[in-house]
Amino acid sequence: MAEQTMKNPQLAAIDIEEMSRGSMIMKGALAAGALYGAMAAGPLVKRAFAQGSDNGDVEILNFALTLEYLEAAFYEQALAEVPNLSGEASDLAKEIQGHEQEHVDALTAAIEDLGGKPVKAPGVDFGKAFADEDAFLELAQTFEDTGVSAYNGAGPLITDKAILGSAGAIVQVEARHAAAIRLLRGESPAPEAFDMELSMDEVLKAVQPFVKQ
Amino acid sequence: MSTSTKEPRGALRRIAADPVSRRRFFAVSGGTGAAALLVACGDDEDSTTSGSNATTTDMPENVSSQFGEGDLGIVNYALTLEYLEADFYEQVAKSGLFKGEDLALIKAIGDSEQQHVDALLATVNSLDGEAAAAPKTEFPLDDAESVLDLAATVENLGAAAYLGAAGMIEDEGILAAALSIHSVEARHAAALNVLTGQSPTPDGAFAKPADMETVLAEVQPFIVS
């Protein structure tokens, strides 16, 4: 990639075709779940989100924390398990993993600052997602796109403006991750003019297959 | 930001974790809201705007002075930026500097910006407000490389602008709309960063907001009238 600034062959690889708004991410998330994970529901996740529910912001932060735990674990395992990971994918995965861990730490601190109890890291099982680089990047894209929609959906429900600003700073980075992974996969970095939002329930449903009891 | 480094790998390594950022980030929670957040996170490294950040602390009081009060002011501020972006890509598309798939990407991003313009205009109408006029713009379109650098700069600035304004939006629906645009600007920014040899996440794990004054100072050179 280093010498391609002028010609931008990456541009040529980008799929510009329009996709119907909204349908794509959710379908992708659900399909990925069906493909890679067991379809069993995860009461552990529901339990996790039920904690600290006397403070709405704490609940949302715990929701975000669970997602960030999932993402951090996902990249950590990928870096250990995906065979013959390319340098490009490996560098990006390391960078993203570091960010997700920072998000975990920041969210944990924020929940504690609000007097809440941070949820524990969920057990995870990503099934066959680490069989090869393609499978890994495909699920990575789904996770990042879903993360963007999760934060976008939860954002307006946040009461504390400073927390909202912090969540915004995180979602922007999730969106940047999504775009970078999409570029690496030859996909459009921004397939829609407006990122869709997902409710917490929808996000939970999408990630349940990856959560182990 | 306009001097791209042409070394994505190196750039990725460079943006290693800033151990201070996490605490600094959430330390402001429960405090004085957006102002504290902007102060805490507003150490913008961009050399082209030196000095403009000094006024950050005054921002919440006079934020809407130029575009009107409250949500309408913020929407008109966003509308102005989207007009600028849409214009930029339209001029770039006509410049003849890009062809084929490159041109298709430019047009796709430009189309998104136009959709943002349309959505924000509709929002202004729903608020029974008067929409900000489209600014007349002029951009340096010398060669493909510098144009892509400028595009990256504009998108990163746009993402920072939405992030800076989000906390001041009162209406839940307008906030949701702004967030759905914010993350798309971030996607554009990241993609253009990668394509110009910069890190997709130049601020590391937490993106930095920009206040209205900083943003307007940055785009001023491109506004003719």
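Quantities reported herein were computed from a predicted structural model and do not represent experimental measurements. Here the residue index of a chain counts from 1 through its sequence in written order. Labels are handed out in written order, letters beginning with A for the chains and numbers beginning with 1 for the ligands. Local features in this predicted model are restricted to residues of pLDDT 70 or higher, and side-chain atom pairs are both shown and tallied only at a pLDDT of 80 or more, whereas totals for entire chains, interfaces and linings draw on every residue.

K.L.:
Can you break down the overall build of chain B residue by residue, with the values?
P.N.:
Broken down by element type, chain B carries 9 helices and 0 strands. Helix numbering and strand numbering both begin at the N terminus, where a helix is a DSSP run of H or I of at least 4 residues and a strand a DSSP run of E of at least 2. Ordered by position from N to C terminus, the α and β elements of chain B give α-α-α-α-α-α-α-α-α. With C-beta atoms placed from the backbone, a residue counts as buried when 20 or more other C-beta atoms lie within 10 Å of its own, as exposed when 12 or fewer do, and as partly exposed for counts between those limits. Within the span of chain B, comprising 225 residues, buried residues form 53% of the whole. Note on contacts: each residue gets a C-beta atom placed from the backbone, and two residues are in contact if those atoms are within 7 Å. Considering only residue pairs separated by 6 or more positions, chain B has 76% of its internal contacts joining residues 24 or more positions apart.

K.L.:
I'd like a description of the nonpolar core, backed by residues and values.
P.N.:
It is characteristic of soluble globular proteins that their nonpolar side chains tend to be buried jointly. Grouped together as the largest cluster of nonpolar side chains are 124 residues, with contacts concentrated most on Ala64 of chain A together with Ala78, Tyr162, Ala165, Ala166 and Ala178 of chain B. Broken down by element, this core gets its largest block of residues, 15 residues, from helix H7 (residues 161-184) of chain A. Those residues in contact with Ala78 of chain B, other than ones at most four positions away along the chain, are Leu120, Tyr162, Ala165 and Ala178 of chain B. Note on terminology: a nonpolar core is any set of buried Ala, Val, Leu, Ile, Met, Phe, Trp, Tyr and Cys residues joined through C-beta atoms within 7 Å.

K.L.:
How would you summarise the packing of helix H4 (residues 56-81) of chain A against helix H5 (residues 87-113) of chain A if you had to cite specific residues and measurements?
P.N.:
Residues and elements named next belong to chain A. As a packed pair, H4 and H5 sit with axes 8 Å apart at the nearest point and diverge in direction by 150°. Relative to H5, the element H4 is oriented roughly antiparallel. Remark: the crossing between H4 and H5 carries left-handed chirality. For the contact of H4 with H5, the residue count by class is 15 nonpolar, 6 polar and 5 charged. Simply put, an axis is a line fit to the C-alpha atoms, just over the touching stretch for a helix, and the angle between two N-to-C directions goes from 0 to 180 degrees. Working definition: roughly parallel below 35 degrees, roughly antiparallel above 145 degrees, roughly perpendicular at 65 to 115 degrees, and oblique for all remaining angles. Each crossing gets its handedness from the near helix: less than a right angle anticlockwise from the far helix is left-handed, clockwise is right-handed. Asp, Glu, Lys and Arg are counted as charged, while Ala, Val, Leu, Ile, Met, Phe, Trp, Tyr, Cys and Pro are counted as nonpolar; the rest, among them Gly, fall into the polar class.

K.L.:
Quick one: what's the story with the environment of Glu138 of chain A, residue by residue and with numbers?
P.N.:
Residue and element names in this part refer to chain A. Among the secondary structure elements, Glu138 is positioned in helix H6 (residues 133-154). In this structure Glu138 comes out as buried when scored by C-beta crowding, with 20 C-beta atoms within 10 Å. Put simply, Glu138 and Pro122 are 16 residues apart on the chain and 22 Å apart in space, counted from C-alpha to C-alpha.

K.L.:
Tell me what's going on with helix H8 (residues 172-195) of chain B, and back it up with residues and numbers.
P.N.:
All names here are of chain B. Expected span of a helix, by definition, is 1.5 Å for each gap between consecutive residues, and there is one gap fewer than residues. The terminal C-alpha atoms of H8, which comprises 24 residues, lie 35 Å apart, in line with the 34 Å expected from a rise of 1.5 Å per residue. Most of H8 is tucked away, with 21 of its 24 residues classed as buried. With its phi angle positive at about 80°, Gly197 sits one or two positions after the end of H8.

K.L.:
Explain the confidence of the model for chain B residue by residue, including any values.
P.N.:
All names here are of chain B. Per-residue confidence from the predictor is reported as pLDDT, a score between 0 and 100. Looking at chain B as a whole, the pLDDT averages 78, with 71% of positions reaching at least 70. Predicted confidence is poor over residues 1-64, with pLDDT under 50, and the contacts of this stretch with residues over four places away or in other chains come to 135 contacts. With a pTM of 0.77, the predicted complex shows an ipTM of 0.79.

K.L.:
An account of the environment of Gly110 of chain B is needed here, citing residue identities and associated values.
P.N.:
All names here are of chain B. Along the chain, the position of Gly110 falls in helix H6 (residues 100-126). A C-alpha to C-alpha distance of 6.6 Å links Gly110 and Glu90, two positions 20 residues apart in sequence. Residue contacts for Gly110: discarding those within four places in its chain leaves Ala86, Tyr89, Glu90 and Ala93.

K.L.:
I'd like a rundown of the environment of Val82 of chain A, residues and numbers included.
P.N.:
All names here are of chain A. Here Val82 shows up in the loop between H4 and H5. Overall, Val82 belongs to the buried group, with 21 C-beta atoms counted inside 10 Å. Sequence-wise, Val82 and Ala150 are 68 residues apart; in three dimensions their C-alpha atoms are separated by 27 Å. Val82 has contacts with Phe130, Asp132, Glu133 and Phe136, leaving out every residue within four places of it along the chain.

K.L.:
A description of the packing of helix H7 (residues 144-166) of chain B against H8 of chain B should follow, citing residues and the corresponding values.
P.N.:
Residue and element names in this part refer to chain B. Contact geometry for H7 and H8: axes closest at 8 Å, N-to-C directions at 150°. Considering their axes alone, H7 and H8 lie roughly antiparallel with respect to each other. The handedness of the crossing between H7 and H8 comes out as left-handed. On H8, the residues touching Leu148, Ala151, Ala152, Glu155, Asn156, Gly158, Ala159, Tyr162, Leu163, Ala165 and Ala166 of H7 are Leu175, Ala178, Leu179, Ile181, His182, Glu185, Ala186, His188, Ala189, Leu192, Asn193 and Leu195. For the contact of H7 with H8, a count of residues per class yields 16 nonpolar, 5 polar and 2 charged.

K.L.:
Talk me through unusual backbone geometry; I want residue IDs and the actual numbers.
P.N.:
Of note, Asn84 of chain A is a non-glycine position whose phi angle comes to about 55°, a positive value. Assignment of secondary structure puts Asn84 of chain A in the loop between H4 and H5. Classification of Asn84 of chain A as exposed rests on a count of 8 C-beta atoms within 10 Å. Look at Asp128 of chain B: it is not a glycine, yet its phi comes out positive at around 55°. Residue placement: Asp128 of chain B occurs in the loop between H6 and H7.

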